[in-house]
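# Examination of the molecular architecture
Below, each chain spelled out in residue letters.
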Amino acid sequence: TAFCTAKFRIMILVKLAVSKFSATGNSFVLLDAASLSAPVPGARKLSFWAKKLSQGLGSDGFIFAQRSRGGQAGVKMTFFNPDGTQAFCGNGTRTTGFYMLRHVMGKRSGVVRVGTSTGPIEVSVNSDRAALTAVAVPEFKGEVRLKGDLSRQVPAPFFALDSGCPHAVCFVPDVARVAVESAGRAVRYDEAFAPAGTNVDFVEVVDDVSIKLRTYERGVERETLSCGSGALAAAWACQVLKKTTSRALTVRTQGGILRVSLDSRKLALEGQVGLLFEGIAYV
């Protein structure tokens, strides 16, 4: 007599109330911890949710927001890239502050303190605009000599900065002519930035008050329509290398306009944020 044993894998899906936002073209899925019926999950499960939700809903990252207790105007943000790694995200921080003030507190303007991996940052919200009001200037680490032969793709030098996460900034005459996907990927994985890798920014100086920016983002592993930490890195590189003299720059990205201003050795980053949709996701 033959016996057959069948093994079945039972998957229990978790129901999550999520929102999707766009911050100047950067799209994020946001999950508010207050909407969970179960205890707050650990980093491993959040990382798994980040990968599933980013892939399923086509976003540039996943925001887990935990409101401050005692009625304070504050929120802690844990940000995950689509590959499940944690990171600092400038546009994600703006989005979190916007969500807290507009959608939780029900106000059109005000200030919210957002806890990030780099420390607390105040986000000022006015209608559909949200700004990081006082961010420490990026650390300028100087020119980096790439290990690989990328001279044909990008002949210009790269400069390393840390604006909460690593960036390699390259000034080019015309960002529209740069093959951002291939060149960005090659630099991101170059041995010079091993083992963690880097975000890669291509910058065109238009005039003394404006630049164009295209970014290949580590963890997303493609070009994104805008990058907040990249805008901060690019603007500060312009200051350090004297590419511009203005203390207020308009940063033109594929997704829209960001504005970076310098005041007393602090940077501000401002741009639009908007809700794309709210819904239920199962992971």
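Refer to the structure printed above.
Residues numbered from 1 in each chain as written. Predicted model: local features only at pLDDT ≥ 70, side-chain atom pairs only at ≥ 80, totals over all residues. Heavy atoms only, no water.

## Focus on the side chain of His167
Using the following cut-off: Helix and strand assignments follow DSSP, with helices taken as H or I runs no shorter than four residues and strands as E runs no shorter than two, numbered in order from the N terminus. Between N or O atoms, a polar contact is any pair within 3.5 Å; within protein, one atom must be a potential hydrogen donor and the other a potential acceptor, and residues adjacent in sequence are included only when both atoms are from side chains. Contacts are assigned to residue pairs with any non-hydrogen atoms lying within 4.5 Å of each other.
Note on placement: His167 falls in strand 10 (residues 166-171). Separated by 2.6 Å, the side chains of His167 and Asp201 make a polar contact. Filtering out sequence-adjacent residues up to four positions away, His167 remains in contact with Phe159, Ala160, Leu161, Thr198, Asn199, Asp201, Cys227, Ser229, Gly230 and Ala233.

## Topic: the side chain of Ser54
With respect to the helices and strands, the residue Ser54 is situated in helix 1 (residues 43-57). One polar contact links the side chain of Ser54 to the main-chain carbonyl oxygen of Ala50, over a distance of 2.8 Å. Setting aside residues up to four positions removed in sequence, Ser54 forms contacts with Ser59, Gly61, Phe62 and Pro82.

## Notes on the packing of aromatic side chains
For clarity, the cut-off: Note on aromatic contacts: the rings of Phe and Tyr and the six-membered ring of Trp form a pair at centre separations within 6.5 Å, being stacked when their planes are under 30 degrees apart, edge-to-face when over 60 apart, and tilted otherwise. Throughout, exposure labels follow a simple rule: accessible area from a 1.4 Å probe, protein chains only, divided by the maximum for the residue type, with under 20% read as buried, over 50% as exposed, and the rest as partly exposed. Here, over-ring charges are defined by two tests on the NZ atom of lysine or the CZ atom of arginine: distance to the ring centre within 6 Å, and angle to the ring normal within 35 degrees.
Using the criterion set out here, one finds six aromatic pairs in the structure. Both rings, one in Phe28 and one in Phe79, keep their centres 5.6 Å apart while their planes meet at 80°; by these two values the pair is edge-to-face. Of this pair, Phe28 sits in strand 2 (residues 26-32) while Phe79 sits in strand 4 (residues 74-80), and the two are 51 residues apart along the sequence. Take Phe28 and Phe79: they sit in the same class, and that class is buried. Here Phe158 and Phe202 contribute two aromatic rings whose centre-to-centre distance is 6.1 Å and whose plane-to-plane angle is 75°, an arrangement assigned as edge-to-face. Of this pair, Phe158 sits in strand 9 (residues 158-162) while Phe202 sits in strand 11 (residues 199-207), and the two are 44 residues apart along the sequence. Connected via pairs of aromatic rings, a cluster forms that spans Phe21, Phe98 and Tyr99. One cation-aromatic arrangement involves Arg188 over Tyr189; the distance from NZ or CZ to the ring centre is 4.1 Å. Seen from the ring of Phe171, Lys243 lies directly overhead, with NZ or CZ sitting 4.9 Å from the centre.

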